[in-house]
Every structure is written in C-alpha cells, then in structure tokens.
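# Close look at the chain arrangement
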Amino acid sequence: MNRKTFTATIKTDFTALEDIGTAVREFLTAAQVGGEAAYKIELALEEMVTNVIKYGYDVPDDANSVTVTVSLLPDRIVLAIADTGHEFNPLLAAPPDTAGGLDERPIGGVGIHLTRKMTDAMTYSRHNGRNLLSITVKLTP
Amino acid sequence: MHLKVEAQDSRYILLVLSGRLDMAGVREVEIAFAENTSGADRTVLVDMTEVPFVASMGVRMLLSAAKRLHGSGKRVVLINIDAMVMEVLKMSGVESLFDFAADRETALSRLP
C-alpha cells in the first residue's frame, strides 16, 4: 500500500518528539522521499514541535497534545502541526540578530527562523483554541 | 548519538560525533561535548562524517565550543560535513564562525 498521509497525535514531551521523528522518517523513506526534502520536513517537525513542548503549555499535563500530519502531494510535502497551547504565531516571531559578531550572538532562538529559511511556505491560523501551522516543502523532480 | 575522543595533544582535540544532532541527540552528548571543549585553549576538530542531521539545538551545541574559544585565536574545525548540514549552518548565519576541512589529514595539517 502506498500511503500518502501520515498522522499521529503525541504528548508534549521530548520522548514523544523523538518517537514521532523516527515514525515520520520511516514514512518518508517508505514513500521514497529522501535527501533535501526529507531533511527539511524532519527539521521543521523537530523545530516547531520543540517550540510547542517548550512554550505551548504552562503546566505539564497528559491532556496536552500535538497532532502532526504529513501529506505527500505530487509536487510538494505539507507538514501540518496542530496544538491547543497558548496562541502563538511563529510568522510574527522576530528574527534573531545574526549580523553581530560571535560575542553578541545569542545562543538558541534560531529554530523558527531556520525553519522558515529552509522551507518554501509557512501559514498559521488559530481556530477553536488551536494553533494550526502548515509548512510546505517543494519536491524537485 | 555518540561522542568519542579520538586523539588529542596540547594543540588540539579530535572529537568524533555519530548520530543525529537533534534535541534527543544533543541531550545525549552535550555534557561530554562541553567537558571536552572547555578549559584548554586548543583547536577543536569535530569529525562530522557520521552526522547526517543537525537541527538548531545541534547548531547551538557546536556554536558553544566556538564561543568558548573566542579570543584564544583557536577555532572549531568541522570535518567532512554533510551538504544539508552546511546549508543549516549557512541559514543560521553561523558558518563564518567555524572552519571546515574535507578530511582529518587536512584538518591536522592546518593546525596553528
């Protein structure tokens, strides 16, 4: 069977992130998506779910969750991430200052910026108390 | 994720990383990485041959060594880095903070 969609809902902890990272890699490998496109999707998943785990919820709770969907289309891959955490639009996050010298360079805070630069499109919306993030990576023939 | 100290003397330390430098991978090696890149001001060589993936947490870990060396005149040299990992460093705006070498011999021949 040639699966075109992967979806899973996980708890907001780093063990769950590691597990879903492995599952998405296996899904992409089975669909014969490798190389740059696979790297970009894996990177976006890692960075954006890390953000939800770190900042999405004030109190750890088993009810906190993130739903990840990866859809394979003929010309692109779409990664959708939905969570019920604090309203957060990554498109409005200020880019880190990478122009300064080494001493001024802040450590961290580059995940969102990096994901936006490495992927082809990112959209955000908020509906019924859920953050809905959609990230597109084009497939080159 | 594994970190191995392959060789060292007063001028350098050669670390070999293997595995994915994502959140999980960084958590496994960051303490050992910090211990081996602190204290002595010597060139840090990191063989990246077996690192197919680096996320921002991995960039942060590698950058921490460059920051510790800053002002000493010594550098962090990343050896045999994957093309997409290089792209991540460029897009993070940090590639100029590292040196790069195609292989260990080249890196060792350039030691200050």
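The structure under discussion appears in the preceding block.
The shown structure was predicted, so the numbers you read here are calculated from the model rather than taken from an experiment.

## Notes on the overall build of chain A
Scanning chain A from terminus to terminus reveals 3 helices and 5 strands. Shown N-terminal to C-terminal, the secondary structure of chain A runs as helices and strands in the order β-α-α-β-β-α-β-β. Taking all contacts inside chain A whose residues are at least 6 apart in sequence as the whole, residues at least 24 apart take part in 67%. Put simply, chain A shows about 7500 Å² of open surface, and 51% of that area lies on carbon and sulfur atoms.

## Some remarks on helix α3 (residues 111-118) of chain A
In terms of burial, α3 of chain A is largely enclosed, as 6 of its 8 residues are buried. Of all the positions in α3 of chain A, only Gly-111, Ile-112, His-113, Leu-114, Thr-115 and Met-118 of chain A are classed as buried. On its buried side, α3 of chain A packs onto α2 (35-56), β4 (121-127) and β5 (130-138) of chain A together with α2 (56-69) and α3 (83-91) of chain B.

## Points about the interface of chain B and chain A
Tallying the contact residues gives 27 residues for chain B and 25 residues for chain A. Counting each side, the surface lost to burial between chain B and chain A is near 2300 Å², with a carbon and sulfur contribution of 67%. The interface formed by chain B and chain A includes 1 salt bridge. Of the charged contacts in the structure, one is a salt bridge between Arg-20 of chain B and Glu-42 of chain A, with a shortest N-O distance of 3.0 Å.

## Digging into the packing of aromatic side chains
Taken as a whole and judged by the stated rule, the model has 2 aromatic pairs over all chains. Taking the centre distance of 5.7 Å and the plane angle of 40° together, the rings of Phe-6 of chain A and Phe-27 of chain A count as tilted. Highlighted residues: Phe-6 of chain A in strand β1 (residues 5-11) and Phe-27 of chain A in helix α1 (residues 14-30), separated in sequence by 21 residues. Both residues of the pair, Phe-6 of chain A and Phe-27 of chain A, count as buried. When the ring of Tyr-39 of chain A is compared with that of Phe-53 of chain B, the centres are 4.6 Å apart and the planes differ by 40°; the resulting orientation is tilted.

## A closer look at the pattern of salt bridges
Evaluated as defined, the whole model comprises 10 salt bridges over all chains. Across the salt bridge formed by Lys-40 of chain A and Glu-36 of chain A, the nearest N and O atoms sit 3.9 Å from each other. With Lys-40 of chain A and Glu-36 of chain A both in helix α2 and 4 residues apart, the pair spans about one turn of that helix. Taking the shortest distance from any N to any O, the salt bridge between Arg-104 of chain B and Glu-6 of chain B comes out at 3.3 Å. Placement of the pair is Arg-104 of chain B in helix α4 (residues 104-109) and Glu-6 of chain B in strand β1 (residues 2-8), with a sequence separation of 98 residues. We classify Arg-104 of chain B as partly exposed; its relative accessible area is 25%. Residue classification places Glu-6 of chain B among the partly exposed residues on the basis of a relative accessible area of 36%. Put simply, Lys-4, Glu-6, Asp-47 and Arg-104 of chain B are held in one network by salt bridges that share partners.

Conventions adopted
Residues numbered from 1 in each chain as written. Chains lettered and ligands numbered in written order. Predicted model: local features only at pLDDT ≥ 70, side-chain atom pairs only at ≥ 80, totals over all residues. Heavy atoms only, no water. Helix = DSSP H or I, 4+ residues; strand = E, 2+ residues; numbered from the N terminus. Contact = heavy atoms within 4.5 Å. Areas by Shrake-Rupley, 256 points an atom, 1.4 Å probe, with all protein chains shown as cover. Buried < 20%, exposed > 50% of the residue type's maximum accessible area, 1.4 Å probe, protein only. Buried area = accessible area lost by both parts, 1.4 Å probe. Salt bridge = Lys/Arg side-chain N within 4 Å of Asp/Glu carboxyl O. Phe/Tyr/Trp six-rings, centres within 6.5 Å; stacked < 30°, edge-to-face > 60°.

Honestly, it's all geometry; don't read function into it.
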